[in-house]
Structure formats: structure tokens, C-alpha cells
Amino acid sequence: MPRYKATIAYDGTDFYGWQVQPNKRTVQAEMELVVNKMAKNPAEHIRVQGSGRTDARVHAKGQVAHFDLPFDIPADAVRKGLSTMLPYDIGIKKVEKVSDDFHAQFNAHDKTYFYRFSTTEYIDPFKRNYTGHWHRRLNPELMQQAIGDYVGEHDWLSFVASGFQQKTTVRTVYSAKMWVKPEIEEIWFEFSGNGFLYNQIRIMVGVLLEIGNGIRPVDDIQRLFEVKDRQQAQFTAPAQGLYLMDVKY
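Residue numbers restart at each chain and count upward from 1, following the sequence in its written direction. Per-residue local features are limited, in this predicted model, to residues with pLDDT of at least 70; the limit for side-chain atom pairs, both in listing and counting, is 80 or more; totals at the level of whole chains, interfaces and linings are taken over all residues. Just so you know, side-chain values use all the structure's heavy atoms and leave hydrogens and water out.

**So, the pairing of strand β1 (residues 3–10)**
- A 1.4 Å probe rolled over the protein chains alone gives each residue an accessible area, and that area as a share of the maximum for its type sets the label: buried under 20%, exposed over 50%, partly exposed in between. Every helix listed is a DSSP run of H or I at least four residues long, and every strand listed is a run of E at least two residues long, numbered separately from the N terminus. With respect to burial, β1 is a largely interior element, 7 of its 8 residues being buried.
- Pairing of β1 with strand β3 (residues 59–68) involves 7 bridges; the strand directions are antiparallel. Looking at β3, one finds that Ile-8 is bridged to Gln-63.
- For two strands to count as paired, DSSP must find a minimum of two bridges between them. As paired strands, β1 and strand β4 (residues 90–98) are joined by 8 bridges and run antiparallel to one another. Within β4, the position partnered with Ala-6 by the bridge is Val-95.

Written as C-alpha cells, this is what we have:
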């Protein structure tokens, strides 16, 4: 059975995340419905394996998934077929044939996430599904000073939501960047690493916002690594500002 790798974009607003859940609309469920339809609904259900989960209302511009089909179809024909049958809030950017041992999750070695935060005093109705919102005054210079502390290999136990299932909370962040965009009243963040835990990015952004607001000292990230206590970093930035941008193999 030939294996296909798909690069996927989706608007997470109306989804309960990537992973299949009973009686809930998810990206994986929509993908599997269409892939199985293309395969003439075989007796054995075809699974679509993503590079990782995204939560409810989180978006993606570069999610990657793989699946096998029972017959050989040109990759671009698969892309066109998926694009025709999928709902408009899912887009197939690219489909490639890959080797049988390619795995969208286990072969990934670098993921990049982007976070948009609106700093307007009101919640902009035209941004509400695509940015987080923070109505308090911020000092971006303090946040710029602090964000570099995320880079490197750390135990992220203070930055993971309850319910995580991974065996270890040690991860490496390769880069952590921030831009202030006064012309559109937004702050942007970008994080790349070898993998991220459940809600890790949103908690990282939340800590930076609290540093910018003066709730935390500028060097508090290092203390959070040491204490390994999720209760000391409880603020989780809103899901709708988060985007999975890229997965490298």
C-alpha cells in the first residue's frame, strides 16, 4: 500500500482539535472520512496519523499527516481529490508519496509554532478567532529580556497542563522570538523545538505576558524550571492565537 504525506492548513475555530473524539468535530475525523471515501471505504478503516495534536480552536498552517491507500494514485491527484471533498476550513497544501517507514509523528524532529496576541483595549470582533487578547498594560522590553531563557534543553514540568501522557517532560527549544507590531496592535511570538508538551506554548506565552505586566520578575522563567510545579504557572494563553506553522523531518 503506497504511503502519502500531506501538508495541511486549517482554521481551528470550529474544531475540537486534531484528534478524533466521540461526537465532536475534529480535523483528523474529517480527514479520515474523506481518505476512506477516496479508498472506496475499505473493510479496514484507514487511519490518518498527524505529526501531533492541536487543541480546540488552535490553527495550523503546516500540520503534517500520513496515510496509506489500497491503490496507487498520483500524489497531485490525491491532493486535488482531498481538496474537492474536504470542508472549506481544511486546506491541503501539498501531498507527496513517501517510503513505507515514514511516520508523521515519530520522524518529526523540529516543530515551529506562532502565537498572535492582540493588545487592543477591546476584543476586536474581526480578530477574536485568530488572536489571543490581553487588556492589561505590558512592558515589551521585559518580555524581550526574558524570552531567551526558554532556549535550550529543560524540564518543562512547570509548563505542562494536567493530563499530559508523555513519559518525560524534558524538551529542547531551539529558538524563541518575539516581535512588537504597533501598527496592528499585536505582539507576535515564535517558538521552534524538538517537541512541545500539552499546552506548553500557551503557558510559555502566559508567563511572558505576566512578566510584561510586572506580575513576575524578569528572571522568573529560570525559577520555574527549577521548582517543577505547574501550580506556579497557571495562566494559559487563549487557544485561538496559536498556529502550528511547520514540521521538519
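**Some details on the environment of Ala-75**
- Relative to the elements of secondary structure, Ala-75 occurs in helix α2 (residues 75–85).
- Taking the relative accessible area as the measure of exposure, Ala-75 reaches 18% and is therefore buried.
- Contacts are assigned to residue pairs with any non-hydrogen atoms lying within 4.5 Å of each other. Once residues within four sequence positions are removed from consideration, Ala-75 is found in contact with Tyr-4, Val-95, Glu-96 and Lys-97.

**Looking at the pairing of strand β10 (residues 242–248)**
- Pairing geometry for β3 and β10, over 2 bridges, is parallel. Note on β10: the bridge partner recorded for Ala-60 is Leu-244.
- When strand β5 (residues 110–118) meets β10, the two strands line up antiparallel, connected through 6 bridges. In the strand pairing of β10, Asp-110 is matched with Lys-248.

**Let's talk about the UniProt feature "active site" (unreviewed entry) in the protein**
- What UniProt calls "active site" (unreviewed entry) maps, in this numbering, to Asp-55.
- Relative to the assigned elements, Asp-55 resides in the loop between β2 (49–50) and β3.
- On the basis of relative accessible area, Asp-55 is assigned to the partly exposed category, the value being 22%.
- Once residues within four sequence positions are removed from consideration, Asp-55 is found in contact with Gly-17, Tyr-198, Asn-199 and Arg-202. UniProt positions are given in the numbering used here, feature names are shortened, and annotations may be inferred rather than shown by experiment.

**Focus: the UniProt feature "binding site: substrate" (unreviewed entry) in the protein**
- Sequence positions flagged by UniProt for "binding site: substrate" (unreviewed entry) are, in local numbering, Tyr-113.
- Among the structural elements, Tyr-113 can be located in strand β5.
- Residues within four places of Tyr-113 in sequence aside, it is in contact with Arg-53, Phe-189, Glu-190, Phe-191, Phe-196, Ile-201, Leu-242, Tyr-243, Leu-244 and Met-245.

**A closer look at the domain arrangement of the protein**
- Domain boundaries shown here were taken from an automatic or database domain assignment. With domains assigned, the protein is organised as domain 1 (3–98) and domain 2 (110–248).
- Between the C-alpha centres of domain 1 and domain 2 there is a distance of 28 Å.
- Between domain 1 and domain 2, the residue contacts involve 16 residues of the former and 16 residues of the latter.
- Counting the surface lost from both domain 1 and domain 2, the interface buries some 1,200 Å², and carbon and sulfur atoms represent 53% of this.
- Buried area is a sum: the accessible area each of two parts loses on coming together, probed at 1.4 Å, counted once for each and added. Three residues, Asp-55, His-59 and Lys-61, lead the burial of domain 1 against domain 2; their summed loss comes to 38% of the area buried on that side.
- What makes a salt bridge here is a side-chain nitrogen of Lys or Arg within 4 Å of a carboxyl oxygen of Asp or Glu, nothing more. In this structure, the connection of domain 1 to domain 2 is made through 1 salt bridge.
- A salt bridge links Asp-55 to Arg-202, with the nearest nitrogen and oxygen atoms 3.6 Å apart.
- Gly is put with the polar residues, along with every residue not named as nonpolar or charged; the nonpolar set is Ala, Val, Leu, Ile, Met, Phe, Trp, Tyr, Cys and Pro, and the charged set is Asp, Glu, Lys and Arg. Of the residues belonging to the side of domain 1 that touches domain 2, the class tally is 4 nonpolar, 7 polar and 5 charged.

**Some details on the packing of aromatic side chains**
- Aromatic pairs are defined between Phe, Tyr and Trp rings, using the six-membered ring for Trp, whenever the two ring centres lie within 6.5 Å; interplanar angles under 30 degrees are classed as stacked, those over 60 as edge-to-face, and all others as tilted. Within the structure shown, the criterion is met by 15 aromatic pairs.
- Consider the rings of Phe-102 and Tyr-249, whose centres lie 5.0 Å apart with planes at 55 degrees: the pair is tilted. Of the two residues, Phe-102 is situated in the loop between β4 and β5 and Tyr-249 in the segment after β10; the sequence distance between them amounts to 147 residues.
- Tyr-249 sits in the partly exposed class, given a relative accessible area of 31%.
- Site record: aromatic cluster; members linked through ring pairs are Tyr-150, Trp-156, Phe-159, Phe-189, Phe-191 and Phe-225.
- Remark: a charge is flagged as sitting over a ring if the NZ atom of Lys or the CZ atom of Arg is within 6 Å of the ring centre and within 35 degrees of the ring normal. Lying over the aromatic face of Trp-188, Lys-181 brings its terminal NZ or CZ to 4.7 Å of the ring centre.

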